[in-house]
Amino acid sequence: MSDEFATGFDSADSRYMARAMQLAWRGRYTAHPNPRVGCVLVRDGKVVGEGWHRKTGEAHAETHALAAAGPEAKGATAYVTLEPCSHHGKTPPCSDALVEAGISAAVIAMLDPFPKVAGSGIAALTRAGVTVRTGLMAAEAEKLNEGFISRVRRRRPFVRLKIAASLDGRTAMADGQSQWITGAEARADVQRFRAASGAIMTGVGTVMADDPSLILRDRTLTDHQPLRVILDSRLRMPLSACMLTLPGETAVFCVDDSRRKAVEAAGAIVHKCSARDGHVELAEMLQALAEREVNDVLVEAGRLLAGSLLSAGLVDELVIYQAPHIMGSETRGMFATPGWLKLEQRLELDVLDVRKFGRDTRIIARTLARPVRLN
């Protein structure tokens, strides 16, 4: 069903909103933890101003568009991917700025779920006599900010699990050797997922075996270093871990914090969590990350943590890089899920995208349902 037939929007409305979406995507790597927002101002069938939210603490999309439009903003229609804010935060309310500029109408893709906005921005525009229509390209707008929406609505970040595997689904040799399964092109693509994330997560087993940096290497994308998150129930974190000497923060989630002083002195932040079967309570850990305003978590972990997240129903998306080789039977698999013993326990996936990076294939899939738990 077309937008025009369903809601009364015409092709011009769709074209301008699509442009606003394109602008919003420019903030993919830099806007977090704020939502990615684009704005297009149109007057008499002509675009008079454009803008997007570049970085938290700086001007919002509407402010940039109004500055570009100048006096031509008066009588214009604003196409915005997310409801304009109506509260004083790090910047003044965008709804007030639009009203003061004299816009006559606004087309808004979706309401802002953030409690301090949540309809109040639209109400402010309406009170000022601005004609407001909502819902155009709403699904695209939600996709644009699924991490932010997850944090606000579910009180946990959007969890994306990245796996590099062979064609037979193996991630390491029996002795743990895994560098490199995939090629340079696939590894470069992973940097884009890192840049778009608020945190990169792994388990302490990976830290002890590989001493990874979990650093964003491609600084052409953003200068932001995602929070490094280590799950370490017994707080075995090596004090000499290289990541503790690198820019950015490292947060270690544990159950036993008896080594807290030593680990914190080495440069990490230690969070003590409740235990489930002797391990960090994953849902509690994710809620703590949401409280730190982490929208998206990229998990780059071994089969134990990957399997635990899947078994708990806490993985929203899988990003699997599959290399065109076979590693054989005496190797490690992608996930450890010892409780999955029957066919009906399988986890159904919806494959969204398949494409090539060099010789490797990247598969993006969403989880459809949690595995069945049998007592």
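First, a word on what this report is: a plain description of the structure on this page. Remember, it's a predicted structure, so these values are computed and weren't measured experimentally.

Looking now at the pattern of salt bridges. According to the stated counting rule, one finds 24 salt bridges in the structure shown. Across the salt bridge formed by Arg 133 and Asp 13, the nearest N and O atoms sit 3.3 Å from each other. With Arg 133 in strand β5 (residues 131-134) and Asp 13 in helix α2 (residues 11-25), the pair connects residues that are 120 residues apart, well separated along the chain. Since its relative accessible area comes to 32%, Arg 133 is described here as partly exposed.

Another point: the environment of Lys 55. Within the secondary structure layout, Lys 55 lies in the loop between β2 (46-52) and α3 (61-69). With 37 residues separating them along the chain, Lys 55 and Pro 92 place their C-alpha atoms 15 Å apart. Leaving out residues up to four positions away in the same chain, Lys 55 has contacts with Thr 30, Ala 31 and Asp 223.

Here the focus is the side chain of Asp 13. Overall, the relative accessible area of 5% leaves Asp 13 in the buried class. Once residues lying within four places of it in the same chain are set aside, the contact partners of Asp 13 are Tyr 79, Arg 133 and Leu 136.

Evaluation of the coordinates by the stated rule reveals 1 aromatic pair. Ring geometry for Tyr 16 versus Tyr 79: centroids 5.2 Å apart, planes at 50 degrees, classification tilted. Placement of the pair is Tyr 16 in helix α2 and Tyr 79 in strand β3 (residues 77-80), with a sequence separation of 63 residues. When the ring centre of Tyr 16 is taken as reference, the NZ or CZ atom of Arg 15 above it lies at 5.1 Å.

What counts as what
Residues numbered from 1 in each chain as written. Predicted model: local features only at pLDDT ≥ 70, side-chain atom pairs only at ≥ 80, totals over all residues. Heavy atoms only, no water. Salt bridge = Lys/Arg side-chain N within 4 Å of Asp/Glu carboxyl O. Helix = DSSP H or I, 4+ residues; strand = E, 2+ residues; numbered from the N terminus. Buried < 20%, exposed > 50% of the residue type's maximum accessible area, 1.4 Å probe, protein only. Contact = heavy atoms within 4.5 Å. Phe/Tyr/Trp six-rings, centres within 6.5 Å; stacked < 30°, edge-to-face > 60°. Lys NZ or Arg CZ within 6 Å of the ring centre and 35° of its normal.

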